[in-house]
Structures are given as structure tokens and as C-alpha cells.
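Chain by chain, the residues run as shown.
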2 protein chains.
Amino acid sequence: MRNFIILGHRAITAPGLSLNDLPGSGGRMDLLIRCITSAFCLSHDIRRDVEVAIVMLGPGDPPKTIRFLGNELKYLNPDERSTGALIRNALVKYSAMKTKDLFFIDKDRNDGQKDSKCKSNTLTGEITSSPGIFISDNCFNEVLEHYSGRSTMICLHEAWADIHRGHEILTGDDEVTFILSDDKNFSSEEEHTIDKHSPLKLSLGPKVLHTDHCVILIHNYLDRKRN
Amino acid sequence: MRNFIILGHRAITAPGLSLNDLPGSGGRMDLLIRCITSAFCLSHDIRRDVEVAIVMLGPGDPPKTIRFLGNELKYLNPDERSTGALIRNALVKYSAMKTKDLFFIDKDRNDGQKDSKCKSNTLTGEITSSPGIFISDNCFNEVLEHYSGRSTMICLHEAWADIHRGHEILTGDDEVTFILSDDKNFSSEEEHTIDKHSPLKLSLGPKVLHTDHCVILIHNYLDRKRN
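In what follows, the accompanying structure is described. In this text, all values refer to a predicted model and were calculated from it rather than measured experimentally.

What to know about the environment of B:Asp21
Inference 1: Looking at where B:Asp21 falls in the secondary structure, it is placed in the loop between strand 1 (2-8) and helix 1 (29-40).
Inference 2: Expressed as a C-alpha distance, the spacing of B:Asp21 and B:Val176, which sit 155 residues apart in the sequence, is 33 Å.

Below, the structure is given as C-alpha cells:
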């Protein structure tokens, strides 16, 4: 299983995401969207052994976490606009749930989960937006905790040890969670939060890359290891 | 120098590209756009040693070739919609030139080029759309000829030899041209056209990937070789 946690520092957290202005008023939502398609899309196929959690801290009602589970995911296309519509739909549903008491939407899924963490594959208070897409108000640290209990955590920076020179570290079949940021670096406080989960610190190469491009390189590295 | 020739079998070739429907009526223009951003965009920087030629064969007025030259390129943002607007602008300008005798747009640039090929970095009949972006009605074979005279040609397929196992082939400093297709495979006729330019035949790994993801892997491979 390959998991990706991606922090969107300015990504909008209320309904009203404009599909015509994903980078601007969306708070670099375009980049988060490309991370999702990089994580899941193969040529004419979807990677089923992948989970992505985007943690959004932008204006509206932060934090919001939207999780995409490959083994349940439907309606994902590779273009930005259609994935933007899935995210907008999730934000609208969460807002409607809060204001109109629509908790019944996921009563079964969340039963008994309100006060327990890390006991299952469900985040606390998470509701279903569409098949394989779940939204909650979990913060960055809560999402990290959810994955750190069950997987090897990995954080990336171009200054750290090259992933290609650490062949013994990852087998390709481990459950791994990569922690990534959008176009802004992690703040010192966020780095401190990440460090509590003792991640491996690795690099993907000599250039400073877009986050969605890093996701592609990670998959290719692990595909080769598995092969 | 790294060049990418990307064939868009259904990409629209007339003005009227809808930025709200790049995959559908645009003929998978979303994929070609992501190839462009994958080829040029680094985090907060542009790769200047890159050229991309997208050869479009879809409805309207095929063929059309739009070339993007990294060392002259301006106004490129990483989101699909804004790059779509650059392509739409190029198609509109070319159409206006044909119908309104606007050849003066690039008189200096194309002077003496109308009947000569491969003599300079300019394709026959190419006009400037915006800084670093040029459009012409050159076909696939003409674009291949333009690059094959000056660079090592490389074609990719998952069944061929792994690029990582051919360390002696590319140094990272060679001028190379990668020939890629959109979501459709090359036809037998197109393969025959490509074979005339004797390309190296390589693979990027075990999975069948989106074209824009291949571009990312190629860059990372060459970045490491150069480093």
C-alpha cells in the first residue's frame, strides 16, 4: 500500500471552489488535483493500492481533509477540472452536513468512530462524498497519526539522501506513507509535527520539483523495486 | 538540449478550443497540456534547455504543430486552463493569419524559410503566437525530420529495454528527442514514419503510464545522469 499525505497551505476549505480559477481563488488547488491524478492514474487504469489524503488549510473553514481510496474510487478522470468538481462536491456535502444535520449520510461508516482513532481505515468523523472519496475536519497531525501507526513514514527534500542510493530501505511491498507539501515549504511548526512521527528523510534527485511530479517518481521507484 | 515530440491524434486544430472541455471537444488536449507543463515546470522555475512540439491531428484544419521553446518561453503557468489559453491563442492567430493575410507577423523570423527545412531552429512557415510559442502546419514527419538531423531520437514502449539498464546510451548532456503519443498508440503507419529516423527504443519501467508522467521520468533520469 502506498499512501500520500499532501498539505495544501492555502487550499480553499469552504464550498465555492471555482473550477475556472483553481490556482488563484482555489489556493493552488490545481497542484493538489494533479497530485491526486499522479497518484492514481495509469494509462487506462487506476492504481488500487494507493490512498491520498489532502489536508487543506486555506480560507473558509480549515482544516479539511479529503481522502481518496484507490480500491473504492470511481469517477476519477485525469483532467484538472473534473477532479476539481469532485473536491467541490466534497466541500459542499460537508458544509451541508454541518448546517442541515446530515450526519445520517455516513452513520454506518462512522459508527463508534467518533472518539477512537487509528482503529480502522476510517478517519474520525469522516463522511462519504462520492465512491472512494471521504471528507472530515481532521488536522495535519491527526492524519499523520492515522498513517504512522501502520506504515513507514517518509518525508522528502532535495538535500537529503537519494532514494536510489538506499536500496535496502524500501522493498516495494512495504506499506509506506509519503508526506509532501504544496508549493510552500513546511513551516518549522509543521516540520516539528512531522518529526514526531520519525520519518525517513529522502531525496528524489537533484532538482526541486513540483509535488505532483514527485508522486510520479515515487511510484516509478516502487514499481521498479516490486518488479 | 531535451526535445519532446508529442502526437495528439484527436487534438482540435481550429479556433474554438473550449477551456471548459479540454478532454472532450478538445480531443484530449488536457493530456498534451500536462505534457507541456511536465516538460518545462520546475518548482518556481522553467527548464530553459527544453523544446516541445505538439503535433495535432484532430478536427478543424489538421495538421497543426505548436512548438514551445524553453529559452524564449513566457506566461507559462502549471495549471491546465492557462496553458489551454496559450494553445487557443495560437490556433486563433494561425487562423487569422490564413484568412486575413497576417503573414507580416513573422516576416523577419521566417524570411527565406518557406522552402528550406532543418537549416535553422525554425520550422517551415512557423509564426510566433506568444513569446516562445510558435505554430505552423507542419506534419508529423516534417517535425521528426527537423529534430532527427541534430539529435539522438528515442521512442518509448514498456516492452523495450529499460532506460536504467542502458547507462552507456545517454550521458545527460546529449541533445535528445523523445517521440511520444497521447492516449492512443502510434498507428502502424506512424511507427513506419518514426522508424525511418532510426530511434533508440527504450522503456521507462514496468507500468503503462500517461504521456505526461513519462516526461517527468525522462527528466529525472537525465537530471541524475548530468549530476
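Structure shown, so let's carry the discussion forward.
Structural notes on the sheet that holds strand 10 (residues 200-203) of chain B
Residue and element names in this part refer to chain B.
Inference 1: Pairing is mixed in the open sheet, where eight strands are placed in the order 6-7-5-4-1-9-8-10. Two strands in the sheet have a free side with no partner beyond their single neighbour: strand 6 (127-130) and strand 10. Between one strand axis and the next, the sheet turns by 30° as a mean value, whatever way the strands run.
Inference 2: Here strand 1 pairs with strand 4 (residues 50-56) via seven bridges, running parallel. Considered in strand 4, the bridge of phenylalanine 4 is made with valine 52.
Inference 3: The sheet contacts of helix 1 involve strand 1, strand 4 and strand 5 (64-69), and relative to strand 4 the element is tilted by about 170°.

Here we look at the interface of chain A and chain B
Inference 1: Taken together, the contacts link 34 residues of chain A with 34 residues of chain B.
Inference 2: Across the chain A to chain B interface the summed buried area is about 3000 Å²; carbon plus sulfur atoms make up 57%.
Inference 3: At the boundary of chain A with chain B, the tally comes to two salt bridges.
Inference 4: Residues A:Arg224 and B:Asp162 are paired through a salt bridge, measuring 2.5 Å at the closest nitrogen-oxygen approach.
Inference 5: Summed over the shared surface of chain A and chain B, the number is 17 residue pairs in polar contact (both at pLDDT 80 or more).
Inference 6: Elements supplying a minimum of two residues to the side of chain A that touches chain B: helix 1 (29-40), strand 2 (41-42), helix 2 (80-100) and helix 6 (211-226) of chain A.
Inference 7: The biggest single contributor to the side of chain A that touches chain B is helix 6 of chain A, with six residues.
Inference 8: Here the side of chain A that touches chain B is built from residues that sort into 11 nonpolar, 11 polar and 12 charged.

Observations concerning helix 6 (residues 211-226) of chain B
Inference 1: The end-to-end C-alpha distance of helix 6 of chain B is 23 Å, a good match for the 22 Å that 16 residues give at a rise of 1.5 Å each.
Inference 2: Counting buried residues in helix 6 of chain B gives 14 out of 16 residues, a clear majority hidden from the surface.

Considering the sheet that holds strand 5 (residues 64-69) of chain A
Residues and elements named next belong to chain A.
Inference 1: Strand order in this open sheet of eight strands is 6-7-5-4-1-9-8-10, and the pairing throughout is mixed. The open sheet has two edge strands, strand 6 (127-130) and strand 10 (200-203), and neither has a second partner. The sheet shows a mean angle of 30° between the axes of neighbouring strands, taken without regard to direction.
Inference 2: Across four bridges, the pairing between strand 5 and strand 7 (residues 133-136) is antiparallel. By the bridge assignment, phenylalanine 68 is partnered in strand 7 with isoleucine 133.
Inference 3: Across the sheet, helix 1 touches strand 1 (2-8), strand 4 (50-56) and strand 5, and the angle it forms with strand 4 is around 170°.

Criteria and cut-off values
Residues numbered from 1 in each chain as written. Chains lettered and ligands numbered in written order. Predicted model: local features only at pLDDT ≥ 70, side-chain atom pairs only at ≥ 80, totals over all residues. Heavy atoms only, no water. Helix = DSSP H or I, 4+ residues; strand = E, 2+ residues; numbered from the N terminus. Pairing = 2+ DSSP bridges. Axes fitted to C-alpha atoms, helices over the stretch in contact; angles between N-to-C directions. Contact = heavy atoms within 4.5 Å. Buried area = accessible area lost by both parts, 1.4 Å probe. Salt bridge = Lys/Arg side-chain N within 4 Å of Asp/Glu carboxyl O. Polar contact = N/O pair within 3.5 Å; in protein donor to acceptor, adjacent residues only side chain to side chain. Nonpolar A, V, L, I, M, F, W, Y, C, P; charged D, E, K, R; others polar. Expected span 1.5 Å × (residues − 1). Buried < 20%, exposed > 50% of the residue type's maximum accessible area, 1.4 Å probe, protein only.

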